Amino acid sequence: GERVPAPPGAGLMACARSGERCRLSSPPQDAVLFQIGEAAQVLSGGALVATPHAVSPGEISGASRESFALFVEPGWDEPLCVPEDSSLEAVL
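Residues numbered from 1 in each chain as written. Predicted model: local features only at pLDDT ≥ 70, side-chain atom pairs only at ≥ 80, totals over all residues. Heavy atoms only, no water.

Draft legend 1. Structural view of the overall build of the protein. In terms of regular secondary structure, the protein is built from 2 helices and 3 strands. Each helix and strand of the protein, ordered N terminal to C terminal, gives the series β-β-α-β-α. Projecting the C-alpha coordinates of the protein onto the three principal axes gives extents of approximately 50 × 35 × 25 Å. Sequence separation of 24 or more characterises 66% of the internal contacts of the protein that already satisfy a separation of 6 or more. Accessible surface, the protein: about 8100 Å² in total, of which carbon and sulfur atoms supply 57%. Treating the 5 positive side-chain charges of the protein as one cloud and the 12 negative ones as another, the clouds have centres 14 Å apart. (Helix = DSSP H or I, 4+ residues; strand = E, 2+ residues; numbered from the N terminus. Contact = heavy atoms within 4.5 Å. Areas by Shrake-Rupley, 256 points an atom, 1.4 Å probe, with all protein chains shown as cover. Lys, Arg positive; Asp, Glu negative; His and termini not counted. Charge placed at Lys NZ, Arg CZ, Asp CG, Glu CD.)

Draft legend 2. Structural context of the sheet that holds strand S2 (residues 21-23). In space, the 3 strands of this open sheet follow the order S2-S1-S3, with antiparallel pairing throughout. Looking at strand neighbours, the two that pair on one side only are S2 and strand S3 (53-56), the edges of this open sheet. On average, each strand axis in the sheet is inclined to that of its neighbour by 30 degrees, with strand direction left out of account. Across 4 bridges, strand S1 (residues 11-15) lies against S3 in antiparallel orientation. By the bridge assignment, Gly11 is partnered in S3 with Ser56. (Pairing = 2+ DSSP bridges. Axes fitted to C-alpha atoms, helices over the stretch in contact; angles between N-to-C directions.)

Draft legend 3. Summary view of a nonpolar patch on the surface. Among the surface-exposed residues, Val32, Phe34, Ile36 and Leu48 lie close enough to one another that they form a single nonpolar patch of about 470 Å² accessible area. Within the fold, Ile36 resides in the loop between S2 and helix H1 (37-43). (Patch = residues over 30% accessible without salt bridge, like charges linked within 9 Å, V, L, I, M, F, W, Y side chains within 5 Å. Salt bridge = Lys/Arg side-chain N within 4 Å of Asp/Glu carboxyl O.)

Draft legend 4. Representation of the pairing of S1 within the structure. Examined bridge by bridge, S1 and S2 share 3 bridges and lie antiparallel to one another. Within S2, the residue paired with Ala14 across the bridge is Cys22.

Draft legend 5. Seen up close, the confidence of the model for the protein. On average, the protein scores 79 in pLDDT, and the residues at 70 or more come to 90%. Within the protein, S2 carries the highest mean pLDDT (88), whereas helix H2 (residues 88-91) carries the lowest (76). (pLDDT = per-residue confidence, 0-100.)

Draft legend 6. Inspection of the side chain of Gln41 at higher detail. Along the chain, Gln41 turns up in helix H1. If near-sequence neighbours (up to four positions away) are discounted, Gln41 is found in contact with Gly46, Leu48, Val49, Ala50, Val91 and Leu92.

Draft legend 7. Broad picture of the environment of Leu88. Looking at the secondary structure, you find Leu88 in helix H2. With 46 residues separating them along the chain, Leu88 and Val42 place their C-alpha atoms 8.2 Å apart.

Now the structure itself:
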């Protein structure tokens, strides 16, 4: 395939801790990104915090965004517990 440049205004948007919405710069082409999300927030006792985010389609219509997600997860019957030295309120 051929790499196609993103349309104007397209990209990853995140919500800063201040509540401000920010457009994130593009990572290097050879980068691999990991989204650790809310599970890491719970398991770390709130030391790591999930970032609210979304992908903006930009100024183009009739286009779709495609991605490949690989989910690695524990067994469904494995409890996801808040660390003993933390509280649910501190985590969430």
